[in-house]
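Fold and geometry: a report
If you want the building blocks of each chain, they are given just below.
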Amino acid sequence: MQHGKYRFIVGFLVIPLTLYAIFVIWPFIQAIYYSFTDWTGLSPDFAMVGFQNYTKLFSDPLFWKSLQHSVLFVILLPLVTLSLALFFSFMLNVGGRQRKGAAVAGVRGAEFYKIAYFFPQVLSIAIVALLFQFAYNPRQGAINGFLQAIGVDDPPTWLGDPKYALWAVMAVMVWSTVGFFVVLFSAGMTSIPKDFYEAALLDGANRVTTFFRITLPLLWDTVQSGWVYMGIMALGAEAFATVQIMTVGPGGPADSTIVMPLYVYQKAFHDGQAAYATTIGVALLFVTLLFAAIVMRLGRRERLEY
């Protein structure tokens, strides 16, 4: 059984690892290399400038504003999205009234609600952003139309007001992603033995205690993975697409919604500063790695098996 084992393993790994190195690792190395040049992205000619781009980065107020917004995204979006997803999942699977023959049950129509929550995942983020751009319209939008119908005479302009624009974008990202985690957490909850819940209820535990003492500890690995995944979305393509499509500028008004991936795009394709854009991308890479490391370190706990 041991004869040729390592050749067998290497034979299976060599192709995927080679593809990963070519299409993932090598672009990162290239980006770091170009961040030390003055490449415009429009010409094959460039020169090495050392740490000039990084010096410019630390003195760029718009970079710090984009970093601030991205950090706000990466803190609040996972917190709000995963909290809502855990609440909805618990109600759909465990939080219903006791029924005959079942001490623990979800709310009635749980399967329908799962499909309804998951529906935004079927839509492209571009479609979602366009739909909410129309909904946020201050004159013909559904949101302000509803507010005026209930007596709000002067509703906000939402995407046109620096005080509300960032929060309006974040609300769209929460709406578009919470359904995915509802289905993910529901799948995890259905694998938890019902005996645990029934024993806790017999001992007098309420729903809140059951959630924090049974459900959350047994789902912790899934929650931790979801936190990292949601954070990467908040720092990457999802945040870029939503802000790019929905906001004026984009990134406005008054740079109130600018985020790091959008700033990379603007510097590379609008300003012709590809080298500086890769420098911002390198900073974004370190922010993402730091976030993942913090989540994995703070979320480390003894693995529970059942």
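The sections below set out a description of the structure shown in this document.

Reading guide: rules and limits
Residues numbered from 1 in each chain as written. Predicted model: local features only at pLDDT ≥ 70, side-chain atom pairs only at ≥ 80, totals over all residues. Heavy atoms only, no water. Salt bridge = Lys/Arg side-chain N within 4 Å of Asp/Glu carboxyl O. Helix = DSSP H or I, 4+ residues; strand = E, 2+ residues; numbered from the N terminus. Buried < 20%, exposed > 50% of the residue type's maximum accessible area, 1.4 Å probe, protein only. Polar contact = N/O pair within 3.5 Å; in protein donor to acceptor, adjacent residues only side chain to side chain. Contact = heavy atoms within 4.5 Å. Axes fitted to C-alpha atoms, helices over the stretch in contact; angles between N-to-C directions. Parallel < 35°, antiparallel > 145°, perpendicular 65-115°, else oblique. Left-handed = near helix turned anticlockwise from the far one by under 90°. Phe/Tyr/Trp six-rings, centres within 6.5 Å; stacked < 30°, edge-to-face > 60°. Lys NZ or Arg CZ within 6 Å of the ring centre and 35° of its normal. Expected span 1.5 Å × (residues − 1). 1 Å grid on protein atoms, 1.4 Å probe; cavity = no way out; pocket = protein on both sides within 12 Å on 5 of 7 lines; lining within 4 Å. Points joined across faces, edges and corners; volume = space filled by probe spheres on them. Nonpolar A, V, L, I, M, F, W, Y, C, P; charged D, E, K, R; others polar. Core = buried A, V, L, I, M, F, W, Y, C linked by side-chain atoms within 4.5 Å.

1. Here we look at the pattern of salt bridges
Close approach of charged atoms allows side chains with opposite charge to pair. Within the structure shown, the criterion is met by 1 salt bridge. Residues D271 and K267 are paired through a salt bridge, measuring 3.3 Å at the closest nitrogen-oxygen approach.

2. Digging into the side chain of T247
Summarising the element assignment, T247 is placed in the loop between helix 11 (237–246) and helix 12 (260–270). Of the residues examined, T247 reaches a relative accessible area of 7% and is grouped as buried. Polar contacts involving the side chain of T247 include one to the main-chain carbonyl oxygen of V243, which spans 2.5 Å. From its side chain, T247 meets the backbone nitrogen of G251 in a polar contact 2.9 Å long. Contacts of T247, omitting those with residues within four sequence positions, involve V169, T242, G252 and T257.

3. Focus on the packing of helix 4 (residues 110–122) against helix 7 (residues 165–190)
Helices that pack against each other are described as a pair by the angle of their axes relative to one another and the distance between those axes. Where helix 4 contacts helix 7, the axes come no closer than 7 Å and their chain directions differ by 130°. It follows from the interaxial angle that helix 4 and helix 7 lie oblique. For the crossing formed where helix 4 meets helix 7, the hand is left-handed. The segment helix 4 lies against helix 7, with K114, Y117, F118, P120 and Q121 engaging W175, S176, T177, G179, F180, V182, V183 and S186.

4. Section: the packing of aromatic side chains
Taken as a whole, this structure holds 24 aromatic pairs when the rule is applied. Centre to centre, the rings of F90 and F211 are 5.3 Å apart; their planes meet at 80°, and the pair counts as edge-to-face. Within this pair, whereas F90 is found in helix 3 (residues 61–93), its partner F211 is found in helix 9 (residues 207–218), the two being separated by 121 residues in sequence. Note on accessibility: F90 and F211 belong to one class, buried. Ring geometry for F181 versus F185: centroids 6.1 Å apart, planes at 35°, classification tilted. One end of the pair is F181 and the other is F185, both in helix 7 and 4 residues apart, which spans about a single turn. Between K56 and the ring centre of Y276, over which it is positioned, the NZ or CZ distance is 4.3 Å.

5. A closer look at helix 3
Taking 1.5 Å as the rise per residue, helix 3 with 33 residues should run 48 Å; its terminal C-alpha atoms sit 48 Å apart, in good agreement. With a side-chain oxygen lying 3.0 Å from the backbone nitrogen of L62, the N-terminal cap of helix 3 falls on D60.

6. Considering the layout of surface pockets
In this structure, the largest pocket occupies an estimated 470 Å³ of space. Going through the elements one at a time, helix 3, helix 9, helix 10 (220–235) and helix 13 (274–298) are the ones with two or more residues in the lining of the largest pocket. Here the lining of the largest pocket takes 8 residues from helix 3, the largest share from any one element. Looking at the lining of the largest pocket residue by residue, the classes come out as 19 nonpolar, 3 polar and no charged. Size it by volume and the second largest pocket reaches roughly 390 Å³. For the second largest pocket, the lining is made up of 14 residues, of which F28, G281, V282, L284 and L285 are closest to its centre. Grouping the constituent residues of the lining of the second largest pocket by class yields 11 nonpolar, 3 polar and no charged.

7. Section: the nonpolar core
Counting 62 residues, the largest nonpolar core has F63, F73, L77, L86, Y136 and F185 as the members making the most contacts within it. Sort the elements by how many residues they give to this core and helix 7 lands first, with 12 residues. In contact with L86, other than residues within four places in its own chain, are F185, M189, F211, L216, L219 and V223.

8. Comments concerning the environment of F23
Along the chain, the position of F23 falls in helix 1 (residues 5–34). Along the primary structure F23 and V243 are separated by 220 residues, whereas in three dimensions their C-alpha atoms are 27 Å apart.

9. Notes on unusual backbone geometry
Across the junction of G249 and P250, the peptide omega takes the value -10°, indicating a cis bond. Residue position: P250 is located in the loop between helix 11 and helix 12. The omega angle of the peptide bond from G252 to P253 is 0°, so this bond is cis rather than trans. Structurally, P253 can be placed in the loop between helix 11 and helix 12. Phi at W158 is positive, roughly 55°, even though this residue is not glycine. In this fold, W158 is placed in the loop between helix 6 (142–149) and helix 7.

10. A closer look at the side chain of S186
Inspection of the secondary structure assignment puts S186 in helix 7. Classification of S186 by relative accessible area gives buried; the value is 2%. Every residue in contact with S186, bar those within four places of it in the chain, is listed here: S89, N93 and K114.

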